[in-house]
Amino acid sequence: MSRRPVAQINLAALAHNLRRVQQLAPASKVLAVLKANAYGHGLVRVAQALAEADAFAVARIDEALALRTAGVVKPIVLLEGFYEAAELPVLLANNLQTVVHNELQLQALEQAELEGQLKIWLKIDTGMHRLGVAPEQFAEFYRRLWQCSAVQPGIRIMSHFSCADFPGSAETVQQLTLFKQLCADKAEQQSLANSAAIISLPQSHGDWVRPGLMLHGISPLPQQHGQLHLLQPVMRLSSRLIAMRQVKQGETVGYGGHWRASTATWIGVIAIGYGDGYPRHARNNTPVWLEGREVKLVGRVSMDMITVDLGQSPTENLGAEAVLWGPELAIERVAECADTIPYELLCNITPRVDYQYVTNVAN
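Residues numbered from 1 in each chain as written. Predicted model: local features only at pLDDT ≥ 70, side-chain atom pairs only at ≥ 80, totals over all residues. Heavy atoms only, no water.

Now for the overall build of the protein chain. Per the secondary structure count, the protein chain includes 11 helices and 18 strands. For the protein chain, with 363 residues in total, the buried portion stands at 52%. With 31 positive and 33 negative side-chain charges, the protein chain shows a spacing of 6 Å between the two charge centroids. (Helix = DSSP H or I, 4+ residues; strand = E, 2+ residues; numbered from the N terminus. Buried < 20%, exposed > 50% of the residue type's maximum accessible area, 1.4 Å probe, protein only. Lys, Arg positive; Asp, Glu negative; His and termini not counted. Charge placed at Lys NZ, Arg CZ, Asp CG, Glu CD.)

Turning next to the environment of Leu78. Looking at where Leu78 falls in the secondary structure, it is placed in strand 4 (residues 76–78). In this structure Leu78 comes out as buried when scored by relative accessible area, which is 0%. Put simply, Leu78 and Ala64 are 14 residues apart on the chain and 7.4 Å apart in space, counted from C-alpha to C-alpha. Residues contacting Leu78, with those up to four places away along its chain left out, are Val58, Ala59, Arg60, Ile61, Ala64, Leu91, Gln97, Thr98 and Val99. (Contact = heavy atoms within 4.5 Å.)

Here we come to unusual backbone geometry. Backbone geometry at Asn37 places phi at a positive 55°, although glycine is not the residue there. Here Asn37 shows up in helix 2 (residues 35–40). Taking the relative accessible area as the measure of exposure, Asn37 reaches 39% and is therefore partly exposed. At Tyr39, a position not held by glycine, the phi torsion is positive, near 55°. With respect to the helices and strands, Tyr39 occurs in helix 2.

Attention now moves to the pattern of salt bridges. In this structure the tally under the stated criterion is 13 salt bridges. For the salt bridge of Glu321 with Arg236, the shortest nitrogen-to-oxygen distance reads 2.9 Å. Separated by 85 residues along the polypeptide, Glu321 in strand 17 (residues 321–325) and Arg236 in strand 10 (residues 235–247) bring together distant segments of the chain. On the basis of relative accessible area, Arg236 is assigned to the buried category, the value being 15%. Residues Arg352 and Asp304 are paired through a salt bridge, measuring 2.9 Å at the closest nitrogen-oxygen approach. Taken together, the residues span a long stretch of sequence, with Arg352 in the loop between helix 11 (342–347) and strand 18 (354–358) and Asp304 in the loop between strand 15 (293–298) and strand 16 (306–311) at a distance of 48 residues. Each of Glu103, Glu110, Glu140 and Arg144 takes part in a single network of salt bridges with overlapping partners. (Salt bridge = Lys/Arg side-chain N within 4 Å of Asp/Glu carboxyl O.)

Rendered as C-alpha cells:
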C-alpha cells in the first residue's frame, strides 16, 4: 500500500477515448494534443498508449524533443511554433512540424539556409485573438510560404475556436464561417476542431481534428461529464484515510475555523492536500469517494491533508481508500466545487504523487 497519493493512469481508457474520437470524426485524421505533460498524465507514456493517433501536438520544443528521445517517431507539431531562428535546424534534424503565426517566424523561414524543408501549419486568427495571422494577412502569408525554399509543399491551415465549449455560440459560427471563406479556394489540409468542436460541431471537423481533454475521458462541455459522451476517465487520484476523530456539536475543524459541526460527528483525515495538487479552494461539501460511499469535504484544504465528515456511525477503518476523482467520482464535479476547470486540476498534480500506469482496467 502506497504511503503517497496515487494517480493511476488507465492506458486502456486512453486507447478507448481515441477510438471514440475516431468514431465521432471518421473522415478526419487525429492530431492528439499532449501539451503540459499530456494534461498531467505523463507525456511519454500517453504518447505510447496513443500509437493509433496520426500525429501528436505539443506546445513547446522541449516537449517534442522529449518524445523523440523516448523513441516516438510519429509526426509532432509545435502548436506555439518556434521562438527563434536558431531552432529551425533542430526542428529539421528531429523531423518536427511547426505552426507559423507571426511575421517574425515567416521572415526567419525566408532567411533560413536549411539542408531540407519543414512542414508548416499556418494559423489564422479567426476570433480567438491570441495567436495567428489576421484574416487580411492570410493571403500574403500563404503566398510567401509557398515561395519559401525552406517550406515543404502542402502547407496545412488551422485556426482555434474561442467558444466551442458553449454549443451554438454566435462566435463559433462566425469563426467557422470566416475560416471556410478564407480557405474556400485552397486545396491544403485544414484543422479547426478541438475537443469541444469534435463533440458539438461536426461541420468543423475538416481534415484534422485536435482532441486534448477528451482523450483523458473528460467532457470539454460545461455541466456535462465525460461518460455522457461515452468517454472513460483515465486518471484515478486516490489516497488513504489516516486518522479519525470525534467532534462535538459546535466545534470547528481546520484552519480558521472554516467549518463548524452542526451536530456531533466523526471527522476523517485523508493524506492529500494542495502540496499534492488537490485544489486548495475546494469548498465545503466537495465530494470524496470513500470505500463505496460519498462523503463531503469539511474545513479548509491543508498542504498535506483534507478532512471529511464521516457521519455519526462510520464503518471505515484507518487505511481506507479515498478516491478524489476517477471512475467513481467525476473530476468535473470536483472542479465545479473548486471554482475551476478539470484542466487545472490535472495539470496541478505535483511530483509528490505516485504515478502508476495500468492496462485493461475496466471503468
